[in-house]
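Examining the three-dimensional arrangement
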Amino acid sequence: MTTEVPNERPGRTPSAYTDEDRTSAIEKLHDETRLVMEMRDASIVLDLSVTTAYVLARKGQMPGAFKVGEHWKVNRPILKDFLYAVD
């Protein structure tokens with residue numbers, strides 16, 4: 001269960017994502033030439049606010065998230081496997 005983190009900045013909540021944002025993020029998820037995704041694209045795919053995605057990454061609860069310097073990235077194959085895992 002994920003608790004939504006309050007966010008004061010406009011355009012950062014899942015409801016603010018456009019269809020174009022969602023289409024682009026899904027295309028990046030399925031792009032086999034990519035190994036890494038931006039945190040924003042991962043948050044769109046997971047239907048989370050960017051703030052919540054960063055909180056989960058810092059807690060070690062974001063699938064495939066890792067830090068490069070001060071920037072968070074997401075391992076695309078790990079995220080994709082997480083999304084399509086069948087129990």
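Scoring rules and cut-offs
- Residues numbered from 1 in each chain as written.
- Predicted model: local features only at pLDDT ≥ 70, side-chain atom pairs only at ≥ 80, totals over all residues.
- Heavy atoms only, no water.
- Pairing = 2+ DSSP bridges.
- Helix = DSSP H or I, 4+ residues; strand = E, 2+ residues; numbered from the N terminus.
- Axes fitted to C-alpha atoms, helices over the stretch in contact; angles between N-to-C directions.
- pLDDT = per-residue confidence, 0-100.
- Contact = heavy atoms within 4.5 Å.
- Polar contact = N/O pair within 3.5 Å; in protein donor to acceptor, adjacent residues only side chain to side chain.
- Expected span 1.5 Å × (residues − 1).
- Buried < 20%, exposed > 50% of the residue type's maximum accessible area, 1.4 Å probe, protein only.
- Arc of directions from axis to C-beta.

Further remarks concern the sheet that holds strand β1 (residues 36-38). The strand order across the open sheet built from three strands is β1-β3-β2, with neighbouring strands paired in antiparallel fashion. On the outer flanks of this sheet lie β1 and β2 (65-68), each paired with one strand and no other. Taken over all neighbouring pairs, the strand axes of this sheet differ in orientation by 45 degrees on average, direction set aside. Where β1 meets strand β3 (residues 71-75), three bridges bridge the pair, whose relative direction is antiparallel.

Below, the discussion takes up the confidence of the model for the protein. In the predicted model, the protein carries a mean pLDDT of 86, and the fraction of residues at 70 or more is 84%. Overall, residues 1-11 carries pLDDT values under 50, and its contacts beyond four positions in sequence, including any with other chains, amount to 12 contacts.

Right, let's get into the environment of S43. Considering the arrangement of structural elements, one finds S43 in helix α2 (residues 39-45). In this structure the C-alpha to C-alpha distance between S43 and A25, which are 18 residues apart in sequence, comes to 8.9 Å. Non-local contacts of S43, meaning those with residues more than four positions away in its chain, are made with Y17, L48, S49, V50 and A53. Of the polar contacts made by the side chain of S43, one reaches the backbone oxygen of R40; its length is 2.7 Å.

It is worth spelling out helix α1 (residues 19-30) at this point. For α1, built from 12 residues, the straight-helix expectation of 16 Å at 1.5 Å per residue is met to within 8% by its first-to-last C-alpha distance of 17 Å. Every buried residue of α1 is listed here: D21, A25 and L29. All buried residues of α1 fall inside an arc of 70 degrees around its axis, so they share one side. Exposed and facing more than 90 degrees away from the buried side of α1 are D19, E20 and E27. In this structure, the buried residues of α1 make contact with β1, α2 and α4 (76-84).

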